[in-house]
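# Reading the structure
Letter by letter, the chains look like this.
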Amino acid sequence: MIYFDNAATSWPKPPSVAAAIREQMAGAGGNPGRSGHRLSIAAARVVEETREAVARLFHIDNPSRVAFTTNATHALNVALYGLIRPGDRVVTTSVEHNSVMRPLRHLETTGVCVEVVPCDANGSIDVGRLEDRLASGARLLVATHASNVAGTILPIGEMAAVARRHGARIVVDAAQTAGTMPIHVAALGIDVLAFTGHKGLFGPTGTGGLYVREGLELPPLVRGGTGSDSAHEVQPDFMPDALESGTLNVAGIAGLGAGVRFLIDVGVEAVQAHERALTTRCVEGLRAMEGIAVYGPADPVARCGIVSFSVAGASPSEVGLLLDESFGILARTGLHCAPAAHRTLGTFPTGTVRFGFGWFNTAAEVDAAIDAVRQIASWARTPSNARLRNAQWTA
Amino acid sequence: MDGLISFFASHHAIRAETVLKRHGHAARLVPGPRELSPNCGVALRFEFARRDEVLPLLAIHRVRIDGVHEYRPRTDGWEAAPR
Ligand SMILES: Cc1ncc(COP(=O)(O)O)c(C=O)c1O
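Quick caveat, the model's predicted, so the values are computed rather than measured.

## Overview of the domain arrangement of chain A
All names here are of chain A.
- Per the domain assignment, the segments of chain A are domain 1 (15-266) and domain 2 (267-390).
- Each side of the interface is counted separately: domain 1 has 30 residues, and domain 2 has 30 residues.
- Each partner contributes to the roughly 2,400 Å² buried at the junction of domain 1 and domain 2, and carbon and sulfur atoms together form 63% of this total.
- Contact with domain 2 buries area across many residues of domain 1, yet Val149, Thr180 and Val266 alone supply 24% of it, more than any other trio.
- Between domain 1 and domain 2 we count 11 residue pairs in polar contact (both at pLDDT 80 or more) in total.
- Here the side of domain 1 that touches domain 2 gets five residues from one element, more than from any other, and that element is helix H8 (residues 250-266).
- Classifying every residue of the side of domain 1 that touches domain 2 by side-chain character gives 15 nonpolar, 12 polar and three charged.

## Let's talk about the site of the ligand
Residues and elements named next belong to chain A.
- Taken together, 13 residues lie near the ligand, and Thr73, Asp173, Thr196, His198 and Lys199 sit nearest.
- Interatomic distance of 2.5 Å between a side-chain N/O atom of Thr73 and an oxygen atom of the ligand.
- Within the contact set of the ligand, an oxygen atom lies 2.6 Å away from a side-chain nitrogen or oxygen of Thr196.
- Contact with the protein chains hides 89% of the accessible area of the ligand, taken as 390 Å² for the molecule alone.
- Partitioning the shell around the ligand into residue classes produces two nonpolar, nine polar and two charged.

## Quick word on the packing of aromatic side chains
Residue and element names in this part refer to chain A.
- Inspection of the entire model under this criterion finds 12 aromatic pairs over all chains.
- What links up through ring pairs into an aromatic cluster is the set Phe4, Phe309, Phe355 and Phe357.
- Between the NZ or CZ atom of Arg343 and the centre of the ring of Phe348, over which it lies, the distance is 4.0 Å.

## Examining the packing of helix H1 (residues 10-22) of chain B against helix H2 (residues 51-60) of chain B
All names here are of chain B.
- Between H1 and H2, whose axes approach to 10 Å, the crossing angle comes to 120°. Considering their axes alone, H1 and H2 lie oblique with respect to each other. Where H1 crosses over H2, the handedness of that crossing is right-handed. Along its contact with H1, which presents Ala16, Val19 and Leu20, the element H2 presents Val54, Leu57 and Leu58.

## A look at the nonpolar core
Residue and element names in this part refer to chain A.
- Residues Phe58, Leu134, Met159 and Leu193 are the most contacted members of the largest nonpolar core, which totals 58 residues.
- Ranked by residues supplied to this core, first place goes to helix H2 (residues 38-57) with eight residues.
- Composition of this core by domain shows at least three residues from each of domain 1 (15-266) and domain 2 (267-390).
- Met159 has contacts with Thr93, Ile125, Val127, Leu130, Leu141, Ala143, Leu154 and Ile170, leaving out every residue within four places of it along the chain.
- With 29 residues, the next largest nonpolar core counts Leu278, Val307, Ala314 and Val353 among its residues.

## Describing the environment of B:Gly41
- Relative to the elements of secondary structure, B:Gly41 occurs in the loop between strand S2 (27-31) and strand S3 (42-46).
- For B:Gly41, a relative accessible area of 14% gives the class buried.
- Separated by 28 residues in sequence, B:Gly41 and B:Ala13 place their C-alpha atoms 9.5 Å apart.
- Residue contacts for B:Gly41: discarding those within four places in its chain leaves A:Gly36, A:Gly227, B:Val30, B:Pro31 and B:Gly32.

## Comments concerning the sheet that holds strand S2 (residues 66-69) of chain A
Residues and elements named next belong to chain A.
- On the basis of which strands lie adjacent, the open sheet formed by seven strands has the order S2-S8-S7-S6-S5-S3-S4 and mixed pairing. Of all the strands in the sheet, the pair left with one neighbour each is S2 and strand S4 (113-117). Sheet twist, expressed as the mean angle between neighbouring strand axes with direction ignored, is 20°.

## Describing helix H6 (residues 156-165) of chain A
Residues and elements named next belong to chain A.
- Ile156, Met159, Ala160, Val162 and Ala163 are the residues of H6 that are buried. On an axial view of H6, the arc spanned by its buried residues comes to 160°, and they lie on one face. Residues Arg164 and Arg165 are exposed on H6 and point more than 90 degrees away from its buried face.
- On its buried face, H6 sits against strand S3 (89-93), helix H5 (127-134), strand S5 (140-144), strand S6 (169-173) and helix H7 (185-188).
- The positive-phi residue at the C-terminal boundary of H6 is Gly167, with phi of around 75°.

## So, the sheet that holds S3(B)
Residue and element names in this part refer to chain B.
- Taken in spatial order, the five strands of this open sheet run S2-S3-S1-S4-S5, and their pairing is antiparallel. Looking at the sheet topology across the chains shown, the edges are occupied by S2 and strand S5 (77-80). Taken pair by pair, the neighbouring strands of this sheet meet at an average axis angle of 35°, ignoring direction.
- Here four bridges tie strand S1 (residues 3-6) to S3, and the two strands are oriented antiparallel to one another. Residue pairing for S3: Leu4 is matched across the bridge by Arg45.
- Contacts from H2 reach S1, S3 and strand S4 (67-72) within the one sheet, and its direction differs from that of S1 by about 20°.

## Overview of the interface of chain B and chain A
- Chain B puts 21 residues into the contact, and the matching count from chain A is 23 residues.
- Carbon and sulfur atoms supply 52% of the area buried between chain B and chain A, which totals about 1,700 Å² over both sides.
- Ranking the residues of chain B by area buried against chain A places B:His11, B:Ile14 and B:Arg62 at the top, with a combined share of 32%.
- Viewed at the interface, chain A and chain B are joined by three salt bridges.
- The salt bridge involving A:Glu52 is made with B:Arg22; its shortest N-O contact spans 2.9 Å.
- At the boundary of chain B with chain A, the tally comes to eight residue pairs in polar contact (both at pLDDT 80 or more).
- Of all the secondary structure elements, the ones that give two or more residues to the side of chain B that touches chain A are H1 and S2 of chain B.
- With eight residues, H1(B) is the largest single contributor of residues to the side of chain B that touches chain A.
- Classifying every residue of the side of chain B that touches chain A by side-chain character gives nine nonpolar, seven polar and five charged.

Reading guide: rules and limits
Residues numbered from 1 in each chain as written. Chains lettered and ligands numbered in written order. Predicted model: local features only at pLDDT ≥ 70, side-chain atom pairs only at ≥ 80, totals over all residues. Heavy atoms only, no water. Domains from an automatic or database assignment. Contact = heavy atoms within 4.5 Å. Buried area = accessible area lost by both parts, 1.4 Å probe. Polar contact = N/O pair within 3.5 Å; in protein donor to acceptor, adjacent residues only side chain to side chain. Helix = DSSP H or I, 4+ residues; strand = E, 2+ residues; numbered from the N terminus. Nonpolar A, V, L, I, M, F, W, Y, C, P; charged D, E, K, R; others polar. Near = heavy atom within 4 Å. Areas by Shrake-Rupley, 256 points an atom, 1.4 Å probe, with all protein chains shown as cover. Phe/Tyr/Trp six-rings, centres within 6.5 Å; stacked < 30°, edge-to-face > 60°. Lys NZ or Arg CZ within 6 Å of the ring centre and 35° of its normal. Axes fitted to C-alpha atoms, helices over the stretch in contact; angles between N-to-C directions. Parallel < 35°, antiparallel > 145°, perpendicular 65-115°, else oblique. Left-handed = near helix turned anticlockwise from the far one by under 90°. Core = buried A, V, L, I, M, F, W, Y, C linked by side-chain atoms within 4.5 Å. Buried < 20%, exposed > 50% of the residue type's maximum accessible area, 1.4 Å probe, protein only. Pairing = 2+ DSSP bridges. Arc of directions from axis to C-beta. Salt bridge = Lys/Arg side-chain N within 4 Å of Asp/Glu carboxyl O.

Shown next as structure tokens:
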């Protein structure tokens, strides 16, 4: 089996991740920060060790500025509902995931003005055009660090500088880039960074979080018990407690910590170089083939470890099923929760087939996938081909 | 260890312990005496004599503390120390 769906969730995880979860459940099973006994302290220590590791990864000076959530979607909702008020103007891009677009479209119904800056057919943004939209008094810019469909990396540092010049804050969706590209929050000028734990950071599903720049007050989306300030009936206003109501996913956070420590040991730069090599090999192999359209930027440096493509004469779901059933290659097909991005690429509503590479993939696997796609493309050139019809029936 | 720091949140208590240990100070997390800190279940014991090094160290690392206390055997209880 070849797993090429790391952009949906990474697999396999480093063995230390499951080990850390098992160890937490066996030996650090108290409720973190709620009681003073040793199991509670041990659980709180697990959480804080992960917080420190995350802070180190993103070059955050003060770990208190990191709050844990259940995923990137939750983190983005905290940021967007916390920072946007009725009457505000918000600028975003046309390659956003629905975890950004759906909250924004809902906020629009409450009197928020949402402006979507179109990206080109490769998913690249024109920063001059973005600046025009920001110049007329926008409160916030929210942008993905890299498209989960085309893989296109957006110039977040430049975009943040433009936002700052016009008095707007910037929220960055790092779901695809956390752990796969170096991220230095201060150097990039990021106000809020939303990340998910289960993709590039190698944590289990149900983990994620956000970084909030020092000095920026982000009101909570959820209020409740925090184990702190218990004498008061109002929510604490200090980080991270302000944003962490209710008992955390300690087991998941234990796993996330092991994942992030693995990444720090290996080096994010090494991960990026490895994924870039696989991506370049894949793009070159597919582009050389007849009947295959590859989306996203031509320059490999402008792309994270994602390759989206389509096969002439076969739908993405047919291709995905054949890849899985005939070749044991697991990919994701369809719209990838990002209809706006597919409209931008011209692949809406059919969608694409997406390979998402990870640290544990190899060049040999990429070569096997290129051969498989070549075979499927040749089957697709024969309209009466039984394999494709079967795929259609079972899809 | 005759000094005790109380906190608003366990997050800061754990960070304080990490920072102090990293800088070679004795530090141990203990259940917070209720009468000193209603805010958080954990407190940190440290060497009260080294408070002039310990407190600035915590401030530099932006660890938020609630109060600093000294144990005085004669009164057999914790007393708030002037900050
Ligand atoms: C760009 C982007 N943003 C947000 C998300 C949402 O991540 P999660 O499902 O972990 O909340 C994803 C992945 O699904 C993504 O690719």
